Amino acid sequence: MGKPNTRRLDKEIQRTQRKIEAVQNEEMWPLTGQERRQVARAMIGGSYRVARGRSGDRAERALENVWNAVNTRLTAELTALQMERQRIVTEAATDKAAKKSSGRW
């Protein structure tokens, strides 16, 4: 029995790690449609208030909350993928050990 096939999960883990890095740099591409709308709404509302000479603090907090929520979502997704990969590796090791112990002897 060879190594467990975790290539698909490894690629997905790397993709999620790239998404987390992009979110930390406040890039828009890893966001869902709803999250993009929330970011746009906060940016537009804040710029409107600042253009009128008022404080944009509330919009800044809303924007920060969106980025934190996206980061949390992606971190949870990454953790789930890593746990699934570990489960597959452990299962393969258990099967291999069981197969070895039930040898011809």
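The structure we're discussing is the one just above.
Residues numbered from 1 in each chain as written. Predicted model: local features only at pLDDT ≥ 70, side-chain atom pairs only at ≥ 80, totals over all residues. Heavy atoms only, no water.

**Observations concerning the overall build of the protein**
Our working rule: Per the convention used, a helix needs a DSSP run of H or I reaching at least four residues, while a strand needs a run of E reaching at least two, with both numbered from the N terminus. What the globule rule says is 2.2 Å times the number of residues to the power 0.38, and the radius of gyration is computed from C-alpha atoms. Burial status follows relative accessibility: with a 1.4 Å probe on protein chains alone, a residue under 20% of its type maximum counts as buried, one over 50% as exposed, and anything between as partly exposed. It only takes one pair of heavy atoms within 4.5 Å for two residues to be counted as in contact. Here the accessible surface of atoms and residues is derived via Shrake-Rupley with a 1.4 Å probe, and residues count as covered only by protein chains that are part of the display.
Counting secondary structure elements, the protein contains 3 helices and 0 strands. When its helices and strands are written in sequence order, the protein yields α-α-α. Since a compact globule built from 105 residues should have a radius of gyration of about 13 Å, the 22 Å found for the protein marks it as more spread out than a globular shape. Considered along the principal axes of its C-alpha atoms, the protein spans approximately 85 × 20 × 20 Å. Classification of the 105 residues of the protein by burial places 21% in the buried group. The long-range share in the protein, meaning contacts at least 24 apart out of those at least 6 apart in sequence, stands at 70%. In the form shown here, the protein has an accessible surface area of approximately 8100 Å², with 51% of it arising from carbon and sulfur atoms.

**Points about the packing of helix 2 (residues 33-51) against helix 3 (residues 57-101)**
Helix-helix packing is described using two parameters, namely the angle between the two axes and the distance between the axes. So the rule is basically this: The angle between two axes is taken between their N-to-C directions and runs from 0 to 180 degrees, where each axis is a line fitted to C-alpha atoms and a helix contributes only its stretch in contact. An angle counts as roughly parallel when it lies under 35 degrees, as roughly antiparallel when it exceeds 145, as roughly perpendicular when it falls between 65 and 115, and as oblique in every other case. Handedness of a crossing follows from how the near helix is turned relative to the far one, being left-handed for an anticlockwise turn of less than a right angle and right-handed for a clockwise one. In this classification, the charged set is Asp, Glu, Lys and Arg, the nonpolar set is Ala, Val, Leu, Ile, Met, Phe, Trp, Tyr, Cys and Pro, and all remaining amino acids, among them Gly, are polar.
At a minimum axis separation of 8 Å, helix 2 and helix 3 run at an interaxial angle of 165°. Judged by the inter-axis angle, helix 2 sits roughly antiparallel to helix 3. Handedness of the helix 2/helix 3 crossing: left-handed. Between helix 2, through E35, Q38, V39, A42, M43, G45, G46 and R49, and helix 3, the contact on the second element is made entirely by R58, A59, A62, L63, V66, W67, V70 and R73. Partitioning the contact of helix 2 with helix 3 into residue classes produces 9 nonpolar, 3 polar and 4 charged.

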